[in-house]
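Now for the letters of each chain:
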Amino acid sequence: MEHEYSGLLSQETKEKIDNFVKFHKQNNTNVVLITSGGTTVPLEHNTVRFIDNFSIGTRGSASAEYFIQKSYAVLFVHRRRSLRPFERKFHNVNLLKLINKNEPNAPTELFKVNQSLINFNFDQLLESHQDAVEKNLILNVDFITVFEYFALLDYSCRAISSLEKNALVYLAAAVSDFYVPLNEMPEHKIQSSDGNLVLDLKPVPKMVGKLRSEWCPKAYVVTFKLETDPSLLLTKAKKSIEKYQHNCVIGNILEQRKNNVLILESNGKVTDIYLNEEKHCEIEEMIIDHLCTEHFLYKKNQPSYG
Ligand code: 9Z3
């Protein structure tokens, strides 16, 4: 079915996605579609103002690196200028590219100093990035508005559906819950001379049901549930999995999201993942470890899965 936003994707982007999927289908590689970063909600067609949210894409970009470590190929659908895998540890992403190309003008020494300050292995990072690029394990595609996000999600899910159970969908983007539909949006800049601005925002159409039943029905699908009130988290996560019948919901509380998540699976199993002083890693490493095992079992037709 064509959507009001389906014309927003360029032919070039579609071809890139198709070629990436085709390449990995031939090689029988697991492919994960990761969404990352926040969507904007424009208030005018000729957009001067828009509503945004807090997400900067740490969850998605870090997760991508750990999926690549597990030999997954990553279709990284992210908010433009939000964090990207490997590049996330640099303020200026172009510098990483320069260094990777052995560009003599790249201020390598400067970065070697930074490396010791922020305690990560710079050479290893460069190597992992270069390796991922050489093996075609990462495709970055970006969106800004919630409409572009819908268009990319729809197209990407349909593209990876040909991979059947080798596909995993990991919806970490912070998607607006409310928006101004395109047909209700004023053409031009809202005038302050008109007085108070009263917004009538409509609920954003939920895509997970369609994704599950139509777009890529065989993929292993992971969504995120974000709350600020801890007492709601598990109940809301359970409701979501009952409604959409997908494989897994990862619940996180805004303030604790880097240290603690709850993973709820369709068979009712709940896994509490948390960092403490003994665990010197990023929480995404533990999440991805867990999910890769679950995806493997799903592919093997574990009895609790259909
Ligand atoms: C998340 O819950 C992510 O973990 C965060 C990551 C957005 C909190 P950062 O980018 O933050 O690392 O700064 N993402 C999903 C949020 C969301 O919109 N979920 C929808 C909902 O809760 C369902 S798919 O209704």
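What counts, and at which threshold
Residues numbered from 1 in each chain as written. Predicted model: local features only at pLDDT ≥ 70, side-chain atom pairs only at ≥ 80, totals over all residues. Heavy atoms only, no water. UniProt positions renumbered as here; feature names shortened; annotations may be inferred. Helix = DSSP H or I, 4+ residues; strand = E, 2+ residues; numbered from the N terminus. Buried < 20%, exposed > 50% of the residue type's maximum accessible area, 1.4 Å probe, protein only. Near = heavy atom within 4 Å. Polar contact = N/O pair within 3.5 Å; in protein donor to acceptor, adjacent residues only side chain to side chain. Areas by Shrake-Rupley, 256 points an atom, 1.4 Å probe, with all protein chains shown as cover. Nonpolar A, V, L, I, M, F, W, Y, C, P; charged D, E, K, R; others polar. Expected span 1.5 Å × (residues − 1). Salt bridge = Lys/Arg side-chain N within 4 Å of Asp/Glu carboxyl O.

- An unreviewed UniProt entry annotates the protein as Phosphopantothenate--cysteine ligase of Brachionus plicatilis.
- Comment text from UniProt for the protein, heading Sequence similarities (unreviewed entry), reads "Belongs to the PPC synthetase family."

Section: unusual backbone geometry
Then comes step 1: Phi angles above zero are rare outside glycine, and phenylalanine 86 is one such case at about 70 degrees.
Then comes step 2: Of note, phenylalanine 86 is situated in the loop between strand S4 (73-79) and helix H3 (93-100).
Then comes step 3: The class for phenylalanine 86 is buried, based on a relative accessible area of 4%.

Considering the site of the ligand
Then comes step 1: Around the ligand lies a shell of 15 residues, among which Ser55, Gly57, Arg59, Ala172 and Asn252 are the nearest.
Then comes step 2: Between the ligand and the protein, one listed contact pairs an oxygen atom with a backbone N or O atom of valine 175 at 3.2 Å.
Then comes step 3: Between the ligand and the protein, one listed contact pairs a nitrogen atom with a backbone N or O atom of phenylalanine 224 at 3.0 Å.
Then comes step 4: Its free accessible area being 610 Å², the ligand has 89% of it covered by the protein chains.
Then comes step 5: For the shell around the ligand, the secondary-structure elements that each account for two or more residues are helix H2 (58-69) and strand S9 (220-227).
Then comes step 6: With three residues, the single largest contributor to the shell around the ligand is S9.
Then comes step 7: The class makeup of the residues in the shell around the ligand is eight nonpolar, four polar and three charged.

Points about helix H6 (residues 146-160)
Then comes step 1: For H6, built from 15 residues, the straight-helix expectation of 21 Å at 1.5 Å per residue is met to within 8% by its first-to-last C-alpha distance of 21 Å.
Then comes step 2: Where burial is concerned, most of H6 is hidden: twelve out of the 15 residues are buried.
Then comes step 3: All buried positions along H6 are accounted for by Val146, Phe147, Tyr149, Phe150, Ala151, Leu152, Leu153, Asp154, Ser156, Cys157, Ala159 and Ile160.

Some thoughts on the pattern of salt bridges
Then comes step 1: Summed over the entire model, instances satisfying the criterion amount to 18 salt bridges.
Then comes step 2: Residues lysine 16 and glutamate 12 are paired through a salt bridge, measuring 3.9 Å at the closest nitrogen-oxygen approach. Within this pair, lysine 16 and its partner glutamate 12 are both found in helix H1 (residues 11-26), separated by four residues, close to a single helical turn.
Then comes step 3: For lysine 16, a relative accessible area of 42% corresponds to the partly exposed category.
Then comes step 4: Lysine 269 is the partner of glutamate 294 in a salt bridge, and the nearest nitrogen-oxygen pair spans 3.1 Å. Of the two residues, glutamate 294 is situated in helix H9 (residues 283-299) and lysine 269 in the loop between strand S11 (260-265) and strand S12 (270-274); the sequence distance between them amounts to 25 residues.
Then comes step 5: Residue glutamate 294 is classed as buried on the basis of its relative accessible area of 5%.
Then comes step 6: Each of Glu65, Arg88 and Glu282 takes part in one network of salt bridges that share partners.

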